[in-house]
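# Residue-level structure breakdown
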Amino acid sequence: MIDQRCNLNTTTASSIGVMDTVLVVDDEIETLEDLSFALTQEGFNVVEANDGEQALNCVEHHSPSLIVLDVLMEPMNGIDFCLKLRQTSGIPIIFISSRQAETDILLGLKVGGTDYVPKTITPKVLALKVRAMLDLVTQEQQSLPKEADVQQLSHCGIRLDVAGRRTFFEDQEINLTPQEFELLTIMMRNPGVVHSKDDLINQLSKSDDPDDTIFTSTLDAHVFNIRKKFKELGTNPVETKFGHGLILKPCD
């Protein structure tokens, strides 16, 4: 059985440079070993888990760039793991399964899988598929405008003038404090992402000066004030996902 703390494969990889981490989740030890070897040879760090519950812990502690995920596992199978993960993360997931009926493939893609491949795929081919997928993700990220270049952010009638540090809802300006503006800017840059409170606190605490540290109570106060100011104009953009964090509400 794989160590419940997650098994980080430290086999020396053939590629040189910063390596992406791939999480491989499968209850078959032989499959884990074969895939881990092929992925490390392709230049990846590999973290191994043998069920969905353990995999959630691995995601939290190792922040993988991609997940190779078996479907049939216990106590938490691949489908349930994917549904759980998609509440907070968009990490690419490649399902690997012996179940190849059209309904199985459609289900895997519907719950948030990025790809769905048969277990007959060779480890080398899968490793190359992982490489191609992550290269594509990198290209897409590089094609996006840099945050410093984005002067206007908009979502559901809310508009932020980043350079001028002004906030509008439809045609009315809202006066936010500097930290309220920073908090809303972070969320507006990724409107479909659930932000954990720890992540928001880390992003708002920009220096090592203890006087600049943001605490949970301070963050809660900022969220309360943002909601109050927007409610005065008939809207409430910030939604709490209990147990997960905060997200901007989708447009009506």
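Refer to the structure above for everything that follows.
Read on for an overview of the structure. (Residues numbered from 1 in each chain as written. Predicted model: local features only at pLDDT ≥ 70, side-chain atom pairs only at ≥ 80, totals over all residues. Heavy atoms only, no water.)

On to the packing of aromatic side chains, then. As enumerated under the stated definition, the model contains two aromatic pairs in all. Note on Phe-95 and Tyr-116: the rings are 5.8 Å apart at their centroids and 40° apart in plane angle, and the pair reads as tilted. Here the residue Phe-95 occupies a position in strand E5 (residues 93-97), and Tyr-116 occupies one in strand E6 (residues 115-118), the gap between them amounting to 21 residues. Tyr-116 shares its class with Phe-95; the two are buried. With a centroid separation of 6.4 Å and 80° between ring planes, the pair formed by Phe-169 and Phe-230 is classed as edge-to-face. One end of the pair, Phe-169, is in strand E9 (residues 166-169); the other, Phe-230, is in helix H8 (residues 216-231), and 61 residues separate them in sequence. For the pair Phe-169 and Phe-230, one class covers both residues: buried. We note Arg-159 situated over the ring of Phe-168; from NZ or CZ to the ring centre the distance is 4.3 Å. (Phe/Tyr/Trp six-rings, centres within 6.5 Å; stacked < 30°, edge-to-face > 60°. Helix = DSSP H or I, 4+ residues; strand = E, 2+ residues; numbered from the N terminus. Buried < 20%, exposed > 50% of the residue type's maximum accessible area, 1.4 Å probe, protein only. Lys NZ or Arg CZ within 6 Å of the ring centre and 35° of its normal.)

We now examine helix H2 (residues 52-62). Buried within H2 we find Gly-52, Gln-54, Ala-55, Cys-58 and Val-59. Here the buried residues of H2 occupy an arc of 145° about the axis, which is enough to place them on one side. Exposed positions of H2 whose direction lies more than 90 degrees from the buried face are Glu-60 and His-61. Those residues of H2 hidden inside the fold are in contact with strand E2 (21-25), strand E3 (45-49), strand E4 (66-70) and helix H3 (78-85). Between the side-chain oxygen of the N-cap and the backbone nitrogen of Glu-53 there are 2.9 Å, and the N-cap of H2 in question is Asp-51. (Arc of directions from axis to C-beta. Contact = heavy atoms within 4.5 Å. Polar contact = N/O pair within 3.5 Å; in protein donor to acceptor, adjacent residues only side chain to side chain.)

The next subject is unusual backbone geometry. Between Glu-74 and the following residue, Pro-75, the backbone shows a cis peptide bond with an omega angle of 5°. Residue Ser-63 is not a glycine yet carries a positive backbone phi of 45°. Relative to the helices and strands, Ser-63 resides in the loop between H2 and E4. Phi at Glu-170 takes a positive value of approximately 55°, unusual for a residue other than glycine. Position of Glu-170 relative to the elements: it lies in the loop between E9 and strand E10 (172-174).

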